[in-house]
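# Notes for the structure review
Given next are the chains, with one letter for each unit.
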Amino acid sequence: MTTQTASPPPSVARTATRPRVFLTILHLAALGVIGALVIGVVAALFGTGVGLLFAFGIGVVFLVGLVYALFGIAWFEVVRVRGLYDLDVPDLTLRRRLAPGFGGWIRQIGRQSIDGRMWRALANFAIACVLGAVVIRLFWGLVRSAIYAFTPLFTSGEIDAPFGTTIAAGWAPVLGIVGVAASLAGMIGLALLHRVIARGLIVPSRAAELTEKVRTTSAQREGAVRAADVERTRIERDLHDGVQPRLVSVGMTLGLAQQKIDDDPAAAKELISEAHTSTKAAITELRQLARGIHASVLDDRGLDAALSALASRSHIPVHLDVRMSGRCSRDAEAAVYFSIAESLTNAAKHSRASECRVVVRVRDGGTLWARVEDNGIGGAQVQPGGGLDGISNRVLAAGGTFRIDSPQGGPTSLEVSVPCAS
């Protein structure tokens, strides 16, 4: 089946084009006014950062601020061009932090400073500022030409003309009209030129899209591998430190009971009872370990029910607020579920929290968002191989983002966002 879209009548198309050209001229004029100020601030940050680079490293602060300032300008430029021309262009986002800690943040800043898409947007902004300055000159030329056209109403004889010449006053209207037309043509031409340049710089090429897709896929694959390593290490640790010693103890207790069953049946009975209790505890630990690997209720009844069951088993009170209109993909829900589970475990074990609040929403754009906040002592950090590192890797593997805020003294808040279709 072929779907056809009706084209607007020529008159409608022309009506839609004129305001867009007019808006482009207004955009350029505004950039021509503020562009010099913005470029001056950026140059000042760069100069100050380089000048103070060897003064106890103070310049590093200015250079880091410069990277964030450049990103902000580039983000604004992408949003401006997308809104102006109705382009299907994604937002400019900061590069993901691929490693925890201060070193990971520094590497993130370095990778952001060489981001090609950010620099293309900055180049488009700089070109637009230059074109805007020319548009302002042309506008004043248009105003002067319009005034020049009415000169015969106020004087006669010869009048001054451009380029140091004089002409008869009767020719002034012709020269004024030509000037107005040339100024308008110049502004419209610059607006059309800006459109061509902006589409070439802001809209990613097919090769750039494929490169970005490969980069994202590689990052997700690395996150998945690290998440699997962390999960395997956790399972090994739980088996080695929890279930295995308990089962060894059960075996030793049953061995002692076997030795005493003939000489001291009462003591043997107590030992068997102790082994039975330890066996039930080991079964409980195995069940919890299996639940940490795979939550069957998540597949059967969805994220809301799985989180309700998780909150009911928590050692501290959990205030659960889940609002989902439908189901997301299994990978997205699993990433959010295990992130919340690990956060509640950390809150119970390390933060000395007395309560937790969990909020889950499906935001516009099809993103599954969750926030976990406790009232503990804070100070949580992402350690390689730790629980938070596992959350980060799992969320990264699902194509999402992860953020933790845990100042000393608390509270600790963790936010994850995962595409519903991940």
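Residues numbered from 1 in each chain as written. Predicted model: local features only at pLDDT ≥ 70, side-chain atom pairs only at ≥ 80, totals over all residues. Heavy atoms only, no water.

## Looking at the packing of aromatic side chains
Threshold: The rule is short: rings of Phe, Tyr and Trp, with Trp giving its six-membered ring, pair when the centres are within 6.5 Å, and they are stacked under 30 degrees, edge-to-face over 60, tilted in between. Residue exposure (1.4 Å probe, protein chains only): buried if accessible area is under 20% of the type maximum, exposed if over 50%, otherwise partly exposed.
The final tally for this structure, using the stated rule, is two aromatic pairs. Here the aromatic rings of phenylalanine 139 and tryptophan 140 are separated by 5.6 Å at their centres, their planes lie at 65°, and the arrangement is edge-to-face. Relative to phenylalanine 338, the ring of tyrosine 337 has its centre 5.1 Å away and its plane inclined at 80°; by these criteria the two rings are edge-to-face. With relative accessibility at 2%, the residue tyrosine 337 sits in the buried group. What makes phenylalanine 338 buried here is its relative accessible area of 11%.

## What to know about the pattern of salt bridges
Stated precisely, the cut-off is as follows: In the sections that follow, a salt bridge refers to a side-chain nitrogen of Lys or Arg positioned within 4 Å of a carboxyl oxygen of Asp or Glu. Helix and strand assignments come from DSSP, with helices taken as H or I runs of at least 4 residues and strands as E runs of at least 2, each series counted from the N terminus.
Applying the stated criterion across every chain yields a total of nine salt bridges. Notably, a salt bridge pairs aspartate 91 with arginine 82, separated by 2.7 Å at the nearest N-O pair. Relative accessible area serves as the criterion here: at 23%, arginine 82 is assigned to the partly exposed category. The closest approach of N and O atoms between arginine 371 and glutamate 415, which form a salt bridge, is 2.6 Å. Of this pair, arginine 371 sits in strand E5 (residues 367–374) while glutamate 415 sits in strand E7 (residues 412–419), placing them 44 residues apart in sequence. Several salt bridges share partner residues, and in doing so they unite Asp321, Arg323, Arg357 and Arg361 into one network.

## Digging into the sheet that holds strand E3 (residues 318–323)
Hydrogen bonds between backbone groups are what pair the strands of a sheet, and the pairing can be parallel or antiparallel. Convention followed: Any two strands with at least two DSSP bridges between them are considered paired. Where helices are involved, their axes are fitted lines through C-alpha atoms of the stretch in contact, as for all axes, and angles between N-to-C directions lie from 0 to 180°.
Ordered by their spatial adjacency, five strands build an open sheet running E3-E4-E5-E7-E6, and the pairing between neighbours is mixed. The sheet is open, and its two edges are formed by E3 and strand E6 (401–405), each paired on a single side. Direction aside, neighbouring strands of the sheet carry axes that sit 10° apart on average. Across six bridges, the pairing between E3 and strand E4 (residues 356–363) is parallel.

## A closer look at the confidence of the model for the protein chain
Where the model shows low pLDDT, its predicted coordinates should not be examined in detail. The test is simple: Values of pLDDT, which run from 0 to 100, indicate the predictor's confidence residue by residue. The contact rule is simple, with two residues in contact once any of their heavy atoms fall within 4.5 Å.
Within the protein chain, residue pLDDT values average 77, and 74% of them lie at 70 or more. Of the regions scoring below 50 in pLDDT, residues 1–19 engages in zero contacts with residues more than four places distant in sequence or in other chains.

## Thoughts on the packing of helix H10 (residues 330–349) against helix H11 (residues 387–397)
For any two helices packed against each other, the geometry is given by the interaxial angle and the distance between the axes. Rules: An angle below 35 degrees is read as roughly parallel, one above 145 as roughly antiparallel, one from 65 to 115 as roughly perpendicular, and any other as oblique.
In the contact formed by H10 and H11, the axes pass within 10 Å of each other and the chain directions differ by 170°. Classified by the angle between their axes, H10 and H11 sit roughly antiparallel to one another. Counting all contacts with H10, which are made through Ala334, Ala335, Phe338, Ser339, Glu342, Ser343 and Asn346, the residues of H11 involved are Gly387, Leu388, Ile391, Arg394 and Val395.

## With respect to the pairing of E5
Strand direction decides the pairing type here: E4 and E5, joined by eight bridges, are antiparallel. The residue of E5 that forms the bridge with valine 358 is valine 372. Inspection of the sheet shows E5 paired to E7 by eight bridges, in the antiparallel sense. Bridging across to E7, leucine 368 finds its partner in valine 418.

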